[in-house]
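A look at the structure
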Amino acid sequence: MQRHALATALLSAIALSACQSTTPSEDAAAATTIGNATEASSPATDARRLAPAEIDAEASPAQASEARAARKQAKSRQDASTSRDRVEVTGSRMAGYNAPLALVAPAPTTPPPPAYFQPANTEKYAERNDNPVQRASEQPVSTFSIDVDTGSYANVRRMLREGVRPPADAVRAEELINYFDYGHPAPASLATPFRTTTELAPAPWNGKRQLLMIGIKGYDVPKAQLPPANLVFLIDTSGSMESPDKLPLLKQAFGELTTQLRAQDRVSIVVYAGSAGLVLPPTPGDHHDEILAALDRLQAGGSTNGGDGIRLAYAMAKQAYVKDGVNRVILATDGDFNVGTVDQGSLETYVGDQRKHGIALTTLGFGQGNYNDAMAEQLADVGDGNHAYIDTLQEARKVLVEEMQSTLLTIARDVKIQIEFNPALVAEYRLIGYENRLLAREDFANDKVDAGDIGAGHEVTALYEITPAGSGAERLPSLRYGTAKAAQSTAKSAEIAHLRLRYKRPGEDTSRLIETPILHTALQSTPSESMRFAASVAAYADALRGGTHLERWNWSQIASSARSAKGSDRWNQRAEFIELVEAARGLTDGAEPQVSTIAD
């Protein structure tokens, strides 16, 4: 009976101890005590002592039940103690707008945050369909906004290098074409901020058709004459950014830009994960060590509250606003926003409103798996900026060093192109690319309608495929009740088309008009090297999207055409392109692009 009483007393004491609640500070003290105590006083040994085999055989059923409950409580206390010793960082703290965010490295004994796991590929691309073939007698006018983005080219390159055929919607022909320099002639002075040129030659995939190449070249302002720049680096530091091709590459990329900044420039750094924070308040651009140190401290962790990050970034841009200077937010991210303001339409409205205050937005894409290309491209469009994708340090130097001068200084705003084709000489036409840049005919002269911008030294290229009247290469069936008489009324005209271009000077709200006739006598029997290479890139884009417009051309002919137009290739970009053509051909298992089935 004494053994029975002793067991009962022991069970009661342990149950009471297990049920007592403690504060975090008491838990910490208790943890220290437990660590220094003997095994006899630990929750784990308490639980072991209450194992069913060690309960006195003479205990009643009620006492046995009480022992089991006490054992569960002791185990729960042990688990809670263990979980309190583990700290997980899931986001950034929100700092005041005028104070830097303190980023403290974790103590050596603190376990690192759990590795981010991407369960599936959730990359997002806006759905797009190729521009259709238009009958000139029905739709003689084509209108679109210029585009200087190049993100699609680098993103497609990344996928091909990984042995993955890009989804069709990831391939934007105009961004592939505009990745390269074609040597379009520049204007003589800033009085006319850019110069337009045209070239007309037979289409390589069908000699009965023609290619019209339109080239626009902006005035190249010397770097020493660039106005002061107020830049805000808006950096995604969410958990998905921890892989080497994301935050580590991003830090290197912004490091390349930092070394180019001057004393008159200002840089702020805003980060966002679960919440947004200010890492670096406006700092002189020549404080390179301070800026680089702030970049180096960045760590990935948490969800993605991009909406709060954008608002804080624009707040900093307004605080350091430079009148008559460059004011720009540079957003660098790998993916979608999943916390806070996540609706793309709301974000576009907000960014568009900030554009009216003279603050532009550039977007840079990084990494793979959850990359939201659709959002990054569209935010840049409405933010009067540009979109690029960074897959290598070499691409970072191209975008953030070699081309940053063009990105920073806008010399012409809301640039729109309108081509009117002469139906007497042109039966059909097709604009290659620019599907999400198309404008209504009446938008051309409406100065309230936003369009693309041209920076200092920027070059823009557009291609039209033209079917001459009477060539026999028409792809649309003839109409029973056609408009032949209307076409004959202008049959004596020497113009194949008329080019109109509208733009605004920075700070002006009224557009200016440039007009250039395109004569059919300008047709060259042999295209220039630049046009041959541009045609090769256009064909490559079409082949990646399914090859519905390539007639008898195939991968071999695309590669051969590109090789013949390789030229001096100072930066080895064209040679790389030829390698990508071969890689793309290999991914299709030797199958040739699909032949068009449109009626002859």
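First, a word on scope: everything that follows refers to the structure included in this document.

Let us look at the overall build of the protein. The helix and strand tally for the protein stands at 17 helices and 16 strands. Relative to its 600 residues, the protein shows a buried fraction of 51%. Taking the intrachain contacts of the protein between residues at least 6 apart in sequence as the baseline, contacts between residues at least 24 apart amount to 81%. Put simply, the protein shows about 27,000 Å² of open surface, and 52% of that area lies on carbon and sulfur atoms.

Once that is clear, we can look at empty space enclosed by the protein. Summed over the entire model, instances satisfying the criterion amount to five cavities of 30 Å³ or more. In this structure, the largest cavity encloses a volume near 150 Å³. Lining the largest cavity are 20 residues, and of these Val148, Asp384, Gly385, Asn386 and Asp453 lie nearest its centre. At the level of elements, helix H13 (404-408) and strand E13 (452-455) are the ones that each hand at least two residues to the lining of the largest cavity. With four residues, the top contributor of residues to the lining of the largest cavity is E13. Counted by class, the lining of the largest cavity contains four nonpolar, eight polar and eight charged residues.

What follows covers the nonpolar core. Nonpolar side chains in soluble globular proteins generally cluster together in the buried interior. In this structure, Tyr540, Ile558 and Phe577 are the most contacted members of the largest nonpolar core, which totals 40 residues. Broken down by secondary-structure element, the contributors of at least two residues to this core are helix H5 (151-161), helix H6 (173-177), strand E3 (194-203), strand E4 (206-218), helix H15 (529-544), helix H16 (555-564) and helix H17 (573-587). Per-element tally for this core: the top contributor is H15, with 11 residues. Formed by 34 residues, the second largest nonpolar core is a distinct cluster that contains Ala136, Ile214, Val221 and Leu409.

What follows concerns the sheet that holds strand E5 (residues 229-236). Here we have six strands laid out as an open sheet, ordered E7-E6-E5-E8-E9-E10, and mixed in their pairing. Pairing within the sheet leaves two strands with one partner each, and these edge strands are strand E7 (276-284) and strand E10 (387-390). Geometrically, the sheet is characterised by an average inter-axis angle of 20 degrees between neighbouring strands, direction not taken into account. Summarising the sheet, strand E8 (residues 326-333) and strand E9 (residues 360-366) pair through six bridges and their orientation is parallel. Each bridged residue has a counterpart across the sheet, and for Ala332 the counterpart in E9 is Leu364. The sheet strands contacting helix H9 (residues 306-319) are E5, strand E6 (266-272), E7, E8 and E9, and the helix crosses E7 at an angle near 25 degrees.

As a further point, take the packing of H16 against H17. Close contact between H16 and H17 brings their axes to 10 Å; oriented N to C, the two are set at 175 degrees. Taken together, the axes of H16 and H17 are roughly antiparallel relative to one another. Residue-level inspection shows Trp555, Ser556, Ile558, Ala559, Ala562 and Arg563 of H16 in contact with H17, the latter providing Phe577, Ile578, Val581, Glu582, Ala584 and Arg585. Of the residues in the contact of H16 with H17, the class split is eight nonpolar, one polar and three charged.

Parameters and conventions
Residues numbered from 1 in each chain as written. Predicted model: local features only at pLDDT ≥ 70, side-chain atom pairs only at ≥ 80, totals over all residues. Heavy atoms only, no water. Helix = DSSP H or I, 4+ residues; strand = E, 2+ residues; numbered from the N terminus. Buried < 20%, exposed > 50% of the residue type's maximum accessible area, 1.4 Å probe, protein only. Contact = heavy atoms within 4.5 Å. Areas by Shrake-Rupley, 256 points an atom, 1.4 Å probe, with all protein chains shown as cover. 1 Å grid on protein atoms, 1.4 Å probe; cavity = no way out; pocket = protein on both sides within 12 Å on 5 of 7 lines; lining within 4 Å. Points joined across faces, edges and corners; volume = space filled by probe spheres on them. Nonpolar A, V, L, I, M, F, W, Y, C, P; charged D, E, K, R; others polar. Core = buried A, V, L, I, M, F, W, Y, C linked by side-chain atoms within 4.5 Å. Pairing = 2+ DSSP bridges. Axes fitted to C-alpha atoms, helices over the stretch in contact; angles between N-to-C directions. Parallel < 35°, antiparallel > 145°, perpendicular 65-115°, else oblique.

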